[in-house]
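Coordinate analysis (summary)
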Amino acid sequence: MEGDKPFELKQVKVRLRLTEGESLYSGRPLITPQAATDVMAKVIAEYTPEVFLFGASSIGRDLAPSVSATVHTGLTADCTGLAISDVVKNVNNAADKALADAKIAELGQDVTVEDKSKVMTGKDGKEIEIVNVVYTYHKQLRMTRPAFGGNIIATIACLQHRPQMATVRPGVMQALDADDSRTGDVVMLDVEPTNNLEVLETVKSTKASKDIIEAKILVSAGRGIGSPEKLHLVEDLADALEGDVSGSRAVVDAGWLPKDKQVGQTGKTVRPELYVACGISGAIQHVAGMEGSDYIIAINKEESAPIFDVADLGVIGDVNAILPKLTEAIRKYKASKVN
Ligand SMILES: Cc1cc2nc3c(=O)[nH]c(=O)nc-3n(C[C@H](O)[C@H](O)[C@H](O)COP(=O)(O)OP(=O)(O)OC[C@H]3O[C@@H](n4cnc5c(N)ncnc54)[C@H](O)[C@@H]3O)c2cc1C
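Every chain is numbered on its own, with residues counted from 1 as its sequence reads. Note on the predicted model: pLDDT of at least 70 is required for a residue's local features to be given, and 80 or more for side-chain atom pairs to be given and counted; whole-chain, interface and lining totals, by contrast, use all residues.

Let's talk about the nonpolar core
Condition: Residues enter a nonpolar core if they are buried, belong to Ala, Val, Leu, Ile, Met, Phe, Trp, Tyr or Cys, and are joined to the set through C-beta atoms within 7 Å. Think of it as a crowd count around each C-beta: if 20 or more other C-beta atoms lie within 10 Å the residue is buried, if 12 or fewer it is exposed, and in between it is partly exposed, with C-beta placed from the backbone throughout. Helix and strand labels come from DSSP, where a helix needs a run of H or I of at least four residues and a strand needs a run of E of at least two; each type is numbered from the N terminus. Residues are treated as contacting if the C-beta atoms built from their backbones sit within 7 Å of each other.
Core analysis: the largest hydrophobic core is formed by 34 residues, its most contacted members being Val219, Ala221, Val234, Leu237, Ala277, Cys278 and Leu323. Of all the secondary structure elements, the ones that give two or more residues to this core are β14 (217-221), α4 (231-240), α5 (249-253), β16 (274-278), β17 (295-300) and α8 (319-338). Setting aside its immediate chain neighbours within four residues, Leu237 contacts Val219, Val276, Leu323, Leu326 and Thr327. Core analysis: the next-biggest nonpolar cluster, separate from the first, contains 18 residues, Met40, Leu63, Val67 and Met165 among them.

Here we look at the sheet that holds strand β5 (residues 75-79)
In plain terms, the rule: The pairing criterion is simple: DSSP has to find at least two bridges between the two strands. Lines fitted to C-alpha atoms define the axes here, with helix axes fitted over just the stretch in contact, and angles between the N-to-C directions of these axes take values from 0 to 180 degrees.
On the basis of which strands lie adjacent, the open sheet formed by three strands has the order β4-β12-β5 and parallel pairing. Either end of the sheet is taken by a strand with one partner, and the two such strands are β4 (51-55) and β5. Looking at each pair of strands side by side, their axes are set apart by 20° on average, direction ignored. Sheet analysis places β5 next to strand β12 (residues 164-168), joined by three bridges and oriented parallel. Across the sheet, Leu75 pairs through a bridge with Met165, a residue of β12. Contacting β4, β5 and β12, helix α2 (residues 58-70) crosses the sheet at an angle of about 170° to β12.

Laid out in structure tokens, this is it:
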């Protein structure tokens, strides 16, 4: 996070107090969303953190809105940037000024207030107060995310509620090396969680599917492949490259690939060493999820396709003709290296 001074970090270990016979655990820890919300809300109530962040994983996306609603604060989901800096807010009416003053007092915020309000006399001789107060809130969390379908980048601040909460999608930010010196305090907290769900059955997914965020090589299918029957061409190339398959939202919406394979603004952000875009137009919402890839190859029949703007190597042509040849060439090359 950018900013002049990092926040104090606190590690909180939570001990769940279970009543006899309650089965929050079945083999491995199984915590219901309500119980997890109770735990988080208790941590927030006890330690009143300024900032509370979640990964926008499937668990984080479930939990963060539930926690923010419980503790009555805002939540900025799917942030692409976080920073700490001053936020200036102009207030031009008495009701907003009263609310801002009350919140500043309630939250004990560090705010510089410049009151430029003045009293003017109207033509009828009556006095009117023109409210104009400039509040400079210090050390606020500025949360940046795409908005309106990715057409604008919005920076959002949560000035009047605490904690300031955001989710950040995995892969959006470069992970720093672990710094063992920044351990924070470890405190124990007892929580008696609500258990309002009964688990009837736990079924393990039979499909061993790798998370595309982890993939070093991704071959990604777009609507340009034409039909789900052609998906095997993409799978064959991924297999030859020892990579994984992902896709655009068009392909996922059409049911050709599962949702967890979607790359982009409403899918996953990936940074593989190699990303091969097959029949993908390169819409801004798709590019947002893959432009951090080390090397991008794009195959598209339209020379003007925007995907070529982010590609390191562009191939203009019919993807269904190119893919089998490319796969065959790679297999031959690999075989020649073995022999
Ligand atoms: C709020 C919002 C969020 C979104 N989030 C996402 C997201 O997370 N991920 C995402 O991908 N999209 C997202 N979209 C949708 C996005 O705008 C595009 O509609 C989508 O990416 C298009 O997918 P596509 O490129 O596969 O299909 P198309 O736009 O239909 O493009 C197909 C491409 O294939 C090419 N083509 C066709 N036939 C061939 C052929 N035989 N050989 C070679 N090339 C061929 C065409 O020239 C074209 O460029 C979002 C949209 C909105 C509004």
